[in-house]
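In case you want the letters, here they are:
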Amino acid sequence: MAAAGDSGGPESYRSPLASRYASHEMCFLFSDKYKFQTWRQLWLWLAEAEQTLGLPITDEQIQEMRSNLSNIDFQMAAAEEKRLRHDVMAHVHTFGHCCPKAAGIIHLGATSCYVGDNTFQKADPYLRSQSIESFECDFDISISAHEKVYKESCKKQPDLIILRNAFDLLLPKLARVISRLADFAKEHAALPTLGFTHFQPAQLTTVGKRCCLWIQDLCVDLQNLKRVRDELRFRGVKGTTGTQASFLQLFEGDHQKVEQLDKMVTEKAGFKRAFIITGQTYTRKVDIEVLSVLASLGASVHKICTDIRLLANLKEMEEPFEKQQIGSSAMPYKRNPMRSERCCSLARHLMALVMDPLQTAAVQWFERTLDDSANRRLCLAEAFLTADTVLNTLQNISEGLVVYPKVIERRIRQELPFMATENIIMAMVKAGGSRQDCHEKIRVLSQQAAAVVKQEGGDNDLIERIRSDAYFSPIHSQLEHLLDPSSFTGRAPQQVHRFLEEEVHPLLKPYGSVMEVKAELSL
């Protein structure tokens, strides 16, 4: 529920993640509306299962609950929470107010974590009704559209968990980023560029091969996000300390019915498995796993966008720049890489968030302490909203990357003469010269050329010096061939094509139907 001081207007603080950056659909997943509808759905599932197993719950009570899943009086709930100092009981009372016949069986046998934990394990029925191949074809889907679908679908098959649901939003977005970068890598697979180690000039690579370094990291992230999503388990129906004692009492010592109840609710929630062992909560190690893979994604995005920022400084590559975009209020000529900078800024936040669940898991005493609650309200939502933002932004960047081949060529010309010296020596030896004599000649000429570059600020004139030296006359006609940049990129083009065909394209195949969605940024 919103805090008393949060009016929702311009005079009150709002998280920039929600107000500026994250998508409508991700914000909806972590909204109060969605959260408390989910609580009611969980109470309905519990009552349905308890009725099936013989508890005295009537069809009329079930129907009353089902009819009021989205009929939430948020003002009443806020007043009840202020009175009771307990959010779950506030909503039990609020639900009971609009379901007077069912009020006495709502939350029967359950503990707060039945709704609290399982809600972070419950998905939007809209997502359930869409396969991963077809979800999110409408990038600009509104929150109201989500609410409408929720109301229409609550009677059908709402399932999965908010965490899994959020992963289902992220996975197609990450796949699209990889796809856009794969197209870019293929287009520039053979374009030579200067490689850097320690951000110092190194051997040549290609623009496409460098992009494949980015893609490879993102492919690891895609696999890790999918793995953690698929391994999520339902907390299920466990009671106050995980012993199921309250349910065993309800069913008069019938262990089989308690196990059936747990299984039935788990299946209603769309899960194949639930935890066998829990305390009052599911193990907070799960939250560590979830935020760890998101933090790892943040590291990948930060590295990619840092590279783009450095290349922008070198004027070799730029992110998209709008026609009326202003780079600086003081310097009108500037073209700042603001999208990449935003990604780096938010990626740092995403990476830092993993410390929260690490600390929370470490300090949970015995079966549970409540110092996890407020922290999880922040870190879980912020992690997914931040990941959503950086992926939307990175997709927008990758759809409009601009390469400047002439600038790249000029930089290669500055450095390639030094790199070509070994090839020149070998050509001279083949022409009958002495390796040692040639090595000494080139050493002297290289130092002279380096002095021109460093001390005089001139261009690298090593090749001109070699052309002017009669000693090298046997290979003067070969110099153009020996200095062809493509002869210094090794198997980079072949590596790009093999990598895309054997590793990237198969990984993206399940997301084929959502690849055409464009990323539009409002800011």
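One numbering rule holds for all chains: residues counted from 1, following each sequence as written. Reporting in this predicted model follows two pLDDT cut-offs: at least 70 for local features of residues, and 80 or more for side-chain atom pairs to be given and counted; totals over whole chains, interfaces and linings ignore these cut-offs and use all residues. Processing note: side-chain calculations cover all non-hydrogen atoms of the structure and skip hydrogens and water entirely.

Observations concerning the overall build of the protein
Then comes step 1: For the protein, the count of helices and strands is 23 helices and four strands.
Then comes step 2: Split into buried and exposed, the 523 residues of the protein put 51% on the buried side.
Then comes step 3: Contacts are assigned to residue pairs with any non-hydrogen atoms lying within 4.5 Å of each other. Once local pairs closer than 6 in sequence are excluded, the contacts in the protein between residues at least 24 apart make up 79%.
Then comes step 4: We get accessible surface area from the Shrake-Rupley algorithm with a probe of 1.4 Å; when it comes to residues, only the shown protein chains can shield them. If you sum the accessible surface of the protein, you get close to 25100 Å²; carbon and sulfur atoms cover 51% of it. We count a stretch as a helix when DSSP gives it H or I for four or more residues in a row; a strand needs E for two or more, and each element gets its number in order from the N terminus. Any residue under 20% of the maximum accessible area for its type is buried, any over 50% is exposed, and the rest in between are partly exposed; the area is computed with a 1.4 Å probe on protein chains only.

Brief notes about the pairing of strand E2 (residues 200–206)
Then comes step 1: Across five bridges, strand E1 (residues 192–197) lies against E2 in antiparallel orientation. Bridge assignment links Phe196 to a residue of E2, and that residue is Pro201. By definition, two strands form a pair when at least two bridges between them are found by DSSP.

A short note on empty space enclosed by the protein
Then comes step 1: A cavity here means a set of points on a 1 Å grid, drawn over the protein atoms and nothing else, where a 1.4 Å probe fits but cannot get out; a pocket is an open set with protein on both sides within 12 Å along at least five of seven lines, and a residue lines either one if it has an atom within 4 Å of a point. Grid points are joined across faces, edges and corners, and a volume is the space filled by probe spheres set on the points. Inspection of every chain in the model, using the stated rule, returns two cavities of 30 Å³ or more.
Then comes step 2: Approximately 50 Å³ is the volume attributed to the largest cavity.
Then comes step 3: Taken together, Ala312, Glu318, Glu319, Phe321, Arg335, Asn336 and Pro337 make up the full set of residues lining the largest cavity.
Then comes step 4: Gly counts as polar in this scheme, as do all residues outside two lists: the nonpolar Ala, Val, Leu, Ile, Met, Phe, Trp, Tyr, Cys and Pro, and the charged Asp, Glu, Lys and Arg. For the lining of the largest cavity, the per-class residue count stands at three nonpolar, one polar and three charged.

A look at the packing of aromatic side chains
Then comes step 1: Aromatic pairing here means that ring centres of Phe, Tyr or Trp (its six-membered ring) are within 6.5 Å. Orientation follows from the plane angle: under 30 degrees is stacked, over 60 is edge-to-face, and everything else is tilted. Summed over all chains, the structure comprises 11 aromatic pairs.
Then comes step 2: Each ring, one from Phe30 and one from Phe384, has its centre 6.0 Å from the other, and the planes form 25°; the classification is stacked. Of the two residues, Phe30 sits in the loop between helix H2 (24–29) and helix H3 (32–52) while Phe384 sits in helix H17 (residues 373–398), which places them 354 residues apart along the sequence.
Then comes step 3: Feature note: the residues Phe36, Trp39, Trp43, Phe74 and Phe95 constitute an aromatic cluster, connected by ring pairs.
Then comes step 4: Two thresholds decide whether a charge sits over a ring: the Lys NZ or Arg CZ must be within 6 Å of the ring centre and within 35 degrees of the ring normal. If you follow Arg284 out to its NZ or CZ, it ends over the ring of Tyr282, 4.9 Å from the centre.

Considerations on the packing of helix H10 (residues 162–187) against helix H23 (residues 492–508)
Any two packed helices are characterised by how steeply their axes cross, that is the angle between the axes, and by the distance between the axes.
Then comes step 1: At their nearest, the axes of H10 and H23 sit 11 Å apart, and the two run at 160° to each other. What the angle tells us is that H10 and H23 run roughly antiparallel. Crossing geometry of H10 relative to H23 is assigned as left-handed. Counted together, Ala175, Ile178, Ser179, Ala182, Ala185 and Lys186 of H10 and Val496, His497, Leu500, Val504 and Leu508 of H23 form the full contact between these two elements.
Then comes step 2: In terms of residue class, the contact of H10 with H23 is built from eight nonpolar, two polar and one charged. Axes here mean lines fitted to C-alpha atoms, for a helix over just the part in contact, with angles spanning 0 to 180 degrees between N-to-C directions. Roughly parallel means an angle under 35 degrees; roughly antiparallel means over 145; roughly perpendicular covers 65 to 115; every other angle is labelled oblique. By definition, any crossing whose near helix is turned counterclockwise from its far helix by less than a right angle is left-handed, and any crossing with a clockwise turn is right-handed.

A few points about unusual backbone geometry
Then comes step 1: The backbone phi angle of Arg85 is positive, close to 55°, even though this residue is not glycine.
Then comes step 2: Note on Arg85: relative accessible area 67%, which makes it exposed.
Then comes step 3: The phi torsion at His107 lies on the positive side, around 70°, for a residue other than glycine.
Then comes step 4: Along the polypeptide, His107 turns up in the loop between helix H6 (87–98) and helix H7 (112–119).

Looking at a nonpolar patch on the surface
Then comes step 1: Together, Val363, Trp365 and Phe366 line one region of the surface with nonpolar side chains, adding up to about 420 Å² of accessible area.
Then comes step 2: Relative to the elements of secondary structure, Phe366 occurs in the loop between helix H16 (355–362) and H17. Within the patch definition used here, like charges are joined within 9 Å and nonpolar side chains (Val, Leu, Ile, Met, Phe, Trp, Tyr) within 5 Å, considering only residues with over 30% relative accessible area and no salt bridge. Throughout this description, the term salt bridge denotes a Lys or Arg side-chain nitrogen within 4 Å of a carboxyl oxygen of Asp or Glu.

Here's the deal with the environment of Gln61
Then comes step 1: Tracing the backbone shows Gln61 in helix H4 (residues 59–67).
Then comes step 2: Each C-alpha atom, one on Gln61 and one on Cys99, is 7.8 Å from the other, the two residues being 38 residues apart in sequence.
Then comes step 3: The contact partners of Gln61, leaving out residues within four places of it in the chain, are Pro56, Lys101, Ala102 and Ile105.
Then comes step 4: Here a polar contact is taken to be a pair of N or O atoms separated by no more than 3.5 Å, where protein atoms must pair a possible hydrogen donor with a possible acceptor and residues adjacent in sequence count only if both atoms sit in side chains. Within the structure, the side chain of Gln61 is placed 2.9 Å from the backbone oxygen of Lys101, a separation counted as a polar contact.

So, the confidence of the model for the protein
Then comes step 1: Known as pLDDT, the predictor's per-residue confidence is scaled from 0 to 100. Here the protein averages 88 in pLDDT, and 88% of its residues register 70 or above.
Then comes step 2: Confidence scores differ between elements of the protein, with helix H8 (residues 125–128) showing the lowest mean pLDDT of 36 and H23 the highest of 98.
Then comes step 3: In the model, residues 121–160 has pLDDT below 50 throughout and makes 104 contacts with residues more than four positions away in sequence or in other chains.

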